[in-house]
Structure formats: structure tokens, C-alpha cells
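So the chains spell out like this:
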Amino acid sequence: MKIGVLCSGGDSPGMNACIRSIVRTALQRGHEIVGFMDGYQGILDEDFYFAAAGMSRFLMRTVSGLSKKGGTILNSSRCPEFATVAGMQKAADILRKLEIDALIPIGGNGTLTGAHEFRQYWDGRIVGCPGTIDNDLCATDFTIGFKTAVQTAVDAIDKLRDTAASHHRMFLVELMGRHCGFITLHAAIAAGCEVACIPEAPVSVEKIVEHLASLKKLGKSSIIMAVAEGYHEGVISLQEKLKAAGAPFSMRAVVLGHLLRGGDPCPDDRILATQTGNLAVEAILRGETDKMAGVLHNQPTLSPLVDAIAEHRKVPQELIDLLNCVSK
């Protein structure tokens, strides 16, 4: 069997570990692995990863030491053409010509939605892996890269805390998560932030200022506010609104942005990536398709793609309540 693998959408720490697991599992089972560069665009351009001089397929040694490396050796991109009927038909024709039997896309909601829709145009097997720092996919406890992104955010906030305390200042720290507050909420709890602003639990500017004023009365002289990027159009806009509403602290805004996607994956992300990559290959060899490999309740689990992408995963209310309790 000839299996294609690609990374699509935003990169996440652990994608390389997932590629390694896919390659090692497939080759040990006697099958061939081909890597497509730049996501679905690589299929349309017939752009392959060359593991050795003139060889467009993976070897065992190609992926040695890959688990510890951030980013993705296959590169990643978004492909508007693939989102069209014509683009999917073209991709299907190319995969048939290349005699690709199965495809393993590694990515988030957009990547796996595209994979699910692609089943209408191509009869090969498709099993995806959840590669996104947002942690917004259902049918898995965590997504590849999420825990590393939280660690990166906490490290940055811990450093900002020193400066905030030294200058009696409030820092508004913007974290990735346009529609999802998982990174912001987890980082806020881990770093002891006084305020977290996430899309799932909107709070008015007036309520935030009221809370800040109460903290000031209790003797707080510095504040860290973690803010999801889509909240009130980001921290720059929010800072101006807070200032206009009478926030009682001198403020500075910091945008961590794409910093959260980089860096070597933490051990948990390496393990998750290895588990899901292995499961994806084994599922394909069993004849499964239109599925996502995840880990639910600490057990590798195969779920229909439609279940994974049906909605954005909800932030647990108990974590919101926990932050509200310990930040007052």
C-alpha cells in the first residue's frame, strides 16, 4: 500500500513526531510512505518530500531524531484551491495517477473538514491526526501541540510577572485562540493570572474594571490579564477600552502570537503524536476511512471525522469557575 502524509493549516509542536510515527509504523508493516509538501497544495503541485537524493519516499533513517524537533519537515500552508470542487477533483485525479491508496492529513478543524469533504471525490482511505495548538477538536482529550503552546505561554507570562511587579503595572497578554479559549484559560490558571478573557465566557469592560478596582483595594499592585486574540478585537483594542473605562492600573499590551506555535514539543505532545500517528496507519491497514485518530480517556481512539469537526470543543465550565475562584 502507498500512503501519503501531509501537514495543513497552522503548524504545531509535535507534527514531526507524528510524521515519524506514521513513517516507522508503515515501513515496519511493509508499506510505502510519500510526503506531500505544503499541505494540500503539495498534492495539487505534485510537490514531494525527498528523503534522499532523487527518492520521493520516506526511509526509516529519514525520520531519526525527528520527535524532538518543532515545526514540520513537510511544511504547512492553507490551500484555497483545495476548498473548491475543481481543486478537489484535480487532487483526486493526481492521487489516482500517483497510485496513492490512502492519505493521512495532520492538522486542525479546517484540515480535517477538507479531508472529510474530499471523500466525495476520491475513494482512497483517509485517517487524520489532530495537529493544532487550539485544542478545539472533539473526539480527543488533547490535540498535538496544545500542551507545548501552554508551556510556552506560561514561560512568557512568568517573565512578564517580574516586570509587572517591579513597575506596579498591568500586562495584557494576547494568546492565540480566535474562537477558542483553551490556551488562554489553561495558561491563566497555570501562571496565576488575575484575569482571563476568553470567547466562551465574555465579560463586559465595565465588569473587568470593577474586578480590577476590587483587586486594587485588596492591595494588588500588579496584574496579569490573559486575553484570547479574538476577545474585544485583541489586546490593543481592549487596552484602550479599559483605559477609557477607568482601569486603575498602568497598562502595557504584549502579543505572543505565533511564538506559541514554535519550539520543541513537550514530552506529552511527543507521546500523543506518536500514539495518533501509529493508530492512523493501523486503522488504514484495517480498511478504515473518514476517521480521526485521537486519544480519549487516555486510550487511543478512532472516531468519525464528522464527530471531530462537528463543532468547536467547549471549554469546561469547571475550569472557568476554578480561575474565578483562585484569582480573587
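Here goes a summary of the coordinates provided.

Thresholds, definitions, all that
Residues numbered from 1 in each chain as written. Predicted model: local features only at pLDDT ≥ 70, side-chain atom pairs only at ≥ 80, totals over all residues. Heavy atoms only, no water. Helix = DSSP H or I, 4+ residues; strand = E, 2+ residues; numbered from the N terminus. Rg over C-alpha atoms; globule rule 2.2 N^0.38 Å. Contact = heavy atoms within 4.5 Å. Areas by Shrake-Rupley, 256 points an atom, 1.4 Å probe, with all protein chains shown as cover. Lys, Arg positive; Asp, Glu negative; His and termini not counted. Charge placed at Lys NZ, Arg CZ, Asp CG, Glu CD. Pairing = 2+ DSSP bridges. Axes fitted to C-alpha atoms, helices over the stretch in contact; angles between N-to-C directions. Expected span 1.5 Å × (residues − 1). Buried < 20%, exposed > 50% of the residue type's maximum accessible area, 1.4 Å probe, protein only. Arc of directions from axis to C-beta.

### Regarding the overall build of the protein chain
Next up, step 1: Within the protein chain, the regular secondary structure consists of eleven helices and ten strands.
Next up, step 2: Computed over its C-alpha atoms, the radius of gyration of the protein chain comes to 22 Å, within 12% of the 20 Å expected for a compact globule of 328 residues.
Next up, step 3: Projected onto the principal axes, the alpha-carbon positions of the protein chain cover approximately 70 × 40 × 35 Å.
Next up, step 4: Across the protein chain, contacts joining residues at least 24 apart in sequence account for 75% of those joining residues at least 6 apart.
Next up, step 5: Surface summary for the protein chain: the accessible area is close to 13800 Å², and the carbon and sulfur share equals 50%.
Next up, step 6: A gap of 5 Å separates the mean positions of the 33 positive and 36 negative side-chain charges of the protein chain.

### Things to note about the sheet that holds strand β8 (residues 250-255)
Next up, step 1: Strand order across the open sheet formed by four strands is β6-β7-β5-β8, with parallel pairing between neighbours. A single partner strand is all that each edge strand has here, and the edge strands are β6 (195-197) and β8. Between one strand axis and the next, the sheet turns by 20° as a mean value, whatever way the strands run.
Next up, step 2: Of the strand pairs in this sheet, strand β5 (residues 169-175) and β8 are connected by six bridges, and their pairing is parallel. Within β8, the position partnered with Leu172 by the bridge is Ala253.
Next up, step 3: Where helix α8 (residues 235-244) meets the sheet, it contacts β5, β6, β7 (223-228) and β8, and its direction lies at approximately 170° from that of β8.

### Some thoughts on helix α1 (residues 15-28)
Next up, step 1: With 14 residues, α1 extends 20 Å between its outermost C-alpha atoms, agreeing within 8% with the 20 Å of an ideal straight helix rising 1.5 Å per residue.
Next up, step 2: The buried fraction of α1 amounts to eleven of the 14 residues, a majority that puts the element mostly inside the structure.
Next up, step 3: Residues of α1 that are buried: Met15, Asn16, Ala17, Cys18, Ile19, Ser21, Ile22, Val23, Arg24, Thr25 and Ala26.
Next up, step 4: Buried residues in α1 make contact with β1 (2-7), β2 (32-35), β3 (102-107), β4 (125-130) and α9 (267-285).

### Observations regarding the sheet that holds β1
Next up, step 1: Ordered by their spatial adjacency, six strands build an open sheet running β2-β1-β3-β4-β9-β10, and the pairing between neighbours is mixed. With one partner strand each, in any of the chains shown, β2 and β10 (299-304) form the two edges of the open sheet. Put simply, the sheet's adjacent strands are angled 25° from each other on average, direction ignored.
Next up, step 2: With five bridges joining them, β1 and β3 adopt parallel strand pairing. Note on β3: the bridge partner recorded for Val5 is Ile104.
Next up, step 3: Against the sheet, α9 engages β1, β3, β4, β9 (291-296) and β10, with an angle of about 170° to β4.

### Examining helix α7 (residues 205-217)
An α-helix turns once per 3.6 residues; consequently, residues spaced three or four apart project the same way.
Next up, step 1: Between the first and last C-alpha of α7 there are 18 Å, a value that for 13 residues agrees with the 18 Å anticipated at 1.5 Å per step.
Next up, step 2: Taken together, the buried positions of α7 are Val205, Ile208, Val209, His211, Leu212 and Leu215. In an axial view of α7, the angular spread of the buried residues amounts to 160°, which keeps them on one side of the axis. Pointing more than 90 degrees away from the buried face of α7 are the exposed residues Glu206, Glu210 and Lys217.
Next up, step 3: Buried residues in α7 make contact with β5, β6, β7 and α8.
Next up, step 4: Immediately beyond the C-terminal end of α7, within one or two residues, lies Gly219, with a positive phi of roughly 105°.

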